[in-house]
Amino acid sequence: MTMPVDLENWHLVDGYLGVIVIVAVVALLAAGGLFLLFRPGRKAAPPVKPPEPPTLPEEKRPAGAGEEGEGATTTLPPPAVPVTPAVVAPPEVEVPPPSAGRMVRLRSRLARSQSAFGRGLLELLSRDRLDDEVWDEIEENLITADVGVSPTRVMVEELRTKVKVLGTRTPEEVRKLLREQLLAQVNPDLDRTLRVQKHGDRPAVVLVVGVNGTGKTTTTGKLARALVGDGKKVVLGAADTFRAAAADQLQTWGERVGADVVRGPEGSDPASVAFDATARGIEEKVDAVIVDTAGRLHTKTGLMDELGKVKRVIEKKATVDEVLLVLDATTGQNGMRQAQVFGEVVNITGIALTKLDGTAKGGIVISVQRELGVPVKLVGLGEGPDDLAPFDPEVFVDAILGD
Ligand SMILES: Nc1nc2c(ncn2[C@@H]2O[C@H](COP(=O)(O)OP(=O)(O)OP(=O)(O)O)[C@@H](O)[C@H]2O)c(=O)[nH]1
Ligand SMILES: [Mg+2]
């Protein structure tokens, strides 16, 4: 059905229509505006990207999780099924070799001492004419090898007398003579037994001390290995609390041989870590507790006092059987003063002479024992985990002189 159009009143219709259209448009715009202003969930601020919900690996994600529409801000609910942690294989515990005979195995590491020190001496002593000049050279050779001034004098005097008695000398005789002299200075009669025997139920306690970087932590780790290799049970105390890395370093050594490592937070009291390690050792009835300490300069009184405290605190629980001073053989005579000061504070019972593989100054063994009146009990002959040996004077002297 169509409406008739009144052509006469068209202008009126036209007028009405115009008004209606305008009103309708205005009404529509107003309604749209109101809708935009008051639509539910409108955000006052410009939309912010919602935080990423925690994601789980695809296969562990609960069904349906992460499938909400765009802009969902809810975080994932806890997984319905317990998430099994990734299977991490426990570190393989090694069975280190026993400590006996190690110095023989590591003998070639003393080659540097041998060429510079032993061979030089043998050559000089084998000369037909031994005038003052040659004796001066022999003396110089001994001093350069860090034998120390007074042991050098003693040796040169004795050698002079014996050479006079011998007259002409075969190379074998020269070697024998020098061997006797060196051995006498190294002193095979000193008791070099490392005191790591249990006292009834109580473990032996070994305190490891020294200046920075001498090899304390490495020696502690190597010693733990050697003891485990000898069938002992060991607890390690990481009483170097200055750096977390120091405790981590020791922990790695411990884990490799299955020895517990007691450690404290970075910056905590080293004495309390040493105390806890001793307590753990007693509790677990181990054979030995070895306590690694932070490197400290012997000139820093505060740090030396702290070391004294570490020892006293351990003594509340057990006896400190062994205080090992770790000396770097390459630092030569500088080590001597350090050694004296450490000795005053913690009463050193043995020396671990490290880095003997990297020096021609093997004579340090003689001077350090003499100056301190304490035997060299252990020698470090390399960076490898089993490059620590109980010190054997005869093997040492033979290595210096060569075969
Ligand atoms: N060649 C050689 N290197 C060694 C020996 N003993 C230790 N070292 C090395 O010396 C460096 C220092 O060893 P650490 O055991 O960290 O010394 P530290 O005394 O604990 O050092 P601080 O805790 O910083 O005082 C490391 O690179 C060791 O591998 C050794 O007998 N021979
Ligand atoms: Mg260290």
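Each chain carries its own residue numbering, running from 1 in the direction its sequence is written. Going through the entries in the order they are written, you letter the chains from A and number the ligands from 1. With the structure being a predicted model, the display of local features is reserved for residues of pLDDT at least 70 and the display and counting of side-chain atom pairs for 80 or more, all residues being used for whole-chain, interface and lining totals. The side-chain figures draw on all heavy atoms in the structure; neither hydrogens nor water molecules are used.

Peer 1: Is there a simple way to explain the nonpolar core in this structure?
Peer 2: Inside soluble globular proteins, nonpolar side chains tend to come together where they are buried. Throughout, nonpolar core names a set of buried Ala, Val, Leu, Ile, Met, Phe, Trp, Tyr and Cys residues whose side chains join them through atoms within 4.5 Å. For the exposure calls, accessible area comes from a 1.4 Å probe over protein chains only, and a residue counts as buried if that area is under 20% of its type's maximum, exposed if over 50%, partly exposed in between. Formed by 75 residues in total, the largest nonpolar core has its most connected members in Ile138, Leu178, Leu182, Leu353, Leu356, Val379 and Phe396. We call two residues contacting when some pair of their heavy atoms lies within 4.5 Å. Residues within four places of Leu356 in sequence aside, it is in contact with Arg109, Leu110, Ala329, Gly362, Ile364, Val365, Val379, Gly380, Leu381 and Phe396. Membership of the second largest hydrophobic core comes to 22 residues, among which are Val206, Ala247, Val257 and Leu324.

Peer 1: Even after reading the chapter, I still don't get the pairing of strand 7 (residues 376-380), so can you show me in this structure?
Peer 2: Note on strand geometry: in a regular strand, side chains alternate between the two faces of the sheet. Strands are runs of DSSP state E lasting at least two residues, helices are runs of H or I lasting at least four, and both sets are numbered from the N terminus onward. Across the five residues that make up strand 7, a large majority, five, are buried. Following DSSP output, two strands are said to pair if at least two bridges run between them. Strand direction decides the pairing type here: strand 6 (residues 350-354) and strand 7, joined by three bridges, are parallel. When the bridges of strand 7 are listed, Leu353 appears paired with Val379. By the criterion used throughout, a crossover qualifies as right-handed when its path from the first strand across the helix to the second strand runs clockwise, the strands pointing away from the viewer. Between the parallel elements strand 6 and strand 7, the chain passes through helix 12 (residues 364-372) in a crossover that is right-handed. By the bridge criterion, three bridges tie strand 7 to strand 8 (residues 388-390) in an arrangement that is antiparallel. Residue pairing across strands places Leu378 opposite Pro390, the latter belonging to strand 8.

Peer 1: Would you take a moment to explain the side chain of Gln338 for this structure?
Peer 2: Structurally, Gln338 is set in helix 11 (residues 334-346). When near neighbours in sequence (up to four residues on either side) are disregarded, Gln338 contacts Val211, His298 and Leu327.

Peer 1: Which parts of the structure should I look at to understand the sheet that holds strand 6?
Peer 2: Note on sheets: strands pair through backbone hydrogen bonds, and any given pair is parallel or antiparallel. Strand order across the open sheet formed by eight strands is 3-2-4-1-5-6-7-8, with mixed pairing between neighbours. Where the open sheet ends on each side, the last strands, each with one partner, are strand 3 (260-262) and strand 8. Direction aside, neighbouring strands of the sheet carry axes that sit 25 degrees apart on average. This element, helix 7 (residues 216-229), spans strand 1 (204-209), strand 2 (234-239), strand 4 (288-293), strand 5 (320-328), strand 6, strand 7 and strand 8 of the sheet and lies at about 170 degrees to strand 4. Under this scheme, a helix contributes an axis fitted over its contacting stretch, all axes are lines through C-alpha atoms, and angles between N-to-C directions fall in the 0 to 180 degree range. Across the face of the sheet, helix 12 comes into contact with strand 5, strand 6 and strand 7 while running at roughly 155 degrees to strand 6.

Peer 1: Got a minute to help me understand the pattern of salt bridges in this structure?
Peer 2: Oppositely charged side chains are able to pair whenever their charged atoms sit close together. Salt bridges are counted wherever a side-chain nitrogen of Lys or Arg sits within 4 Å of a carboxyl oxygen of Asp or Glu. A full pass over the atoms with the stated rule returns 20 salt bridges. Close ionic contact of Arg280 with Asp260 constitutes a salt bridge, the shortest N to O distance being 3.2 Å. Of the two residues, Arg280 is situated in helix 9 (residues 270-283) and Asp260 in strand 3; the sequence distance between them amounts to 20 residues. Residue class for Asp260 comes out partly exposed when judged on its relative accessible area of 30%. Three or more residues are tied together by salt bridges with common partners; here these are Glu94, Arg102, Arg225, Arg256 and Asp386.

Peer 1: Sorry if this is basic, but what is going on with helix 13 (residues 393-401) here?
Peer 2: Residues spaced three or four apart along an α-helix face the same direction, because each turn holds 3.6 residues. With eight of its nine residues buried, helix 13 lies for the most part within the structure. Within helix 13 the residues assigned to the buried category are Pro393, Val395, Phe396, Val397, Asp398, Ala399, Ile400 and Leu401. In this structure, the buried residues of helix 13 make contact with helix 2 (102-105), helix 3 (111-125), helix 6 (171-186) and helix 12. The opening residue of helix 13 is Asp392, an N-cap whose side-chain oxygen sits 3.1 Å from the backbone nitrogen of Glu394. Once helix 13 ends, the next one or two residues include Gly402, with phi positive near 75 degrees. Counted as a polar contact is a pair of N or O atoms within 3.5 Å, where, for protein atoms, one must be capable of donating a hydrogen and the other of accepting one, and residues adjacent in sequence contribute only when both atoms are in side chains.

Peer 1: What is the right way to read the site of ligand 1 from this model?
Peer 2: Only a single heavy atom is needed: when it lies within 4 Å of a molecule or strand, its residue is near that molecule or strand. In the vicinity of ligand 1, 19 residues are found, and the nearest of them are Lys216, Thr217, Thr218, Asp357 and Glu383. Between ligand 1 and Thr218 there is a distance of 2.4 Å, counted from an oxygen atom to a side-chain nitrogen or oxygen. Take Leu381: an N or O atom from its main chain is 3.5 Å from an oxygen atom of ligand 1. Values of accessible area rely on a 1.4 Å probe in the Shrake-Rupley scheme; residue burial ignores everything except the protein chains shown. Starting from 660 Å² of accessible surface for ligand 1 in isolation, the protein chains cover 78%. Examining the composition of the shell around ligand 1, we find that four residues originate from one element, helix 7, more than from any other.

Peer 1: Please explain the environment of Glu173 as it appears in this structure.
Peer 2: Inspection of the secondary structure puts Glu173 in helix 6. Residue classification places Glu173 among the partly exposed residues on the basis of a relative accessible area of 33%. Residues Glu173 and Val163, spaced ten residues apart in sequence, show a C-alpha to C-alpha distance of 9.6 Å. For Glu173, the residues in contact, after removing those within four places along its chain, are Leu166 and Thr168.

Peer 1: Any chance you could explain the packing of helix 3 against helix 6 here in plain terms?
Peer 2: The packing of two helices is summarised by the inter-axis angle and the distance between the axes. Contact geometry for helix 3 and helix 6: axes closest at 10 Å, N-to-C directions at 130 degrees. In terms of axis orientation, helix 3 runs oblique to helix 6. Read as a crossing pair, helix 3 and helix 6 show a hand that is right-handed. For the pair helix 3 and helix 6, contact is made by Phe117, Leu121, Leu122 and Leu125 and by Val174, Arg175, Leu178 and Leu182, respectively. Broken down by class, the residue content of the contact of helix 3 with helix 6 amounts to seven nonpolar, no polar and one charged. Any angle between 65 and 115 degrees counts as roughly perpendicular, while under 35 counts as roughly parallel, over 145 as roughly antiparallel, and the rest as oblique. In a left-handed crossing the near helix is turned counterclockwise from the far helix by less than a right angle, and in a right-handed crossing that turn is clockwise. The nonpolar class holds Ala, Val, Leu, Ile, Met, Phe, Trp, Tyr, Cys and Pro. Asp, Glu, Lys and Arg form the charged class, and all remaining residues, Gly among them, are polar.

Peer 1: Looking at this model, I keep getting lost on the confidence of the model for the protein chain. Mind explaining?
Peer 2: Should the pLDDT be low somewhere, the predicted coordinates at that spot are not to be read in detail. The predictor attaches a confidence to each residue, called pLDDT, with possible values from 0 through 100. Considering every residue of the protein chain, the mean pLDDT works out to 81; 77% of them sit at 70 or more. Here residues 1-26 scores under 50 on pLDDT; set against residues more than four positions off or in separate chains, the count is one contact.

Peer 1: So what exactly am I meant to see when it comes to unusual backbone geometry here?
Peer 2: Note on backbone geometry: most residues besides glycine have negative phi, and most peptide bonds are trans. Positive phi is not limited to glycine here, since Asn187 has a value of about 65 degrees. Along the chain, Asn187 falls in the loop between helix 6 and strand 1.

Peer 1: Can you walk me through the side chain of Asp387 in this structure?
Peer 2: Looking at the element boundaries, Asp387 is found in the loop between strand 7 and strand 8. A polar side-chain atom of Asp387 sits 3.0 Å from a polar atom in the side chain of Arg109. Among the polar contacts listed, one links the side chain of Asp387 to the backbone nitrogen of Gly384, at a separation of 2.8 Å. Those residues in contact with Asp387, other than ones at most four positions away along the chain, are Arg105, Leu106, Arg109, Lys222, Val379, Gly380, Leu381 and Gly382.

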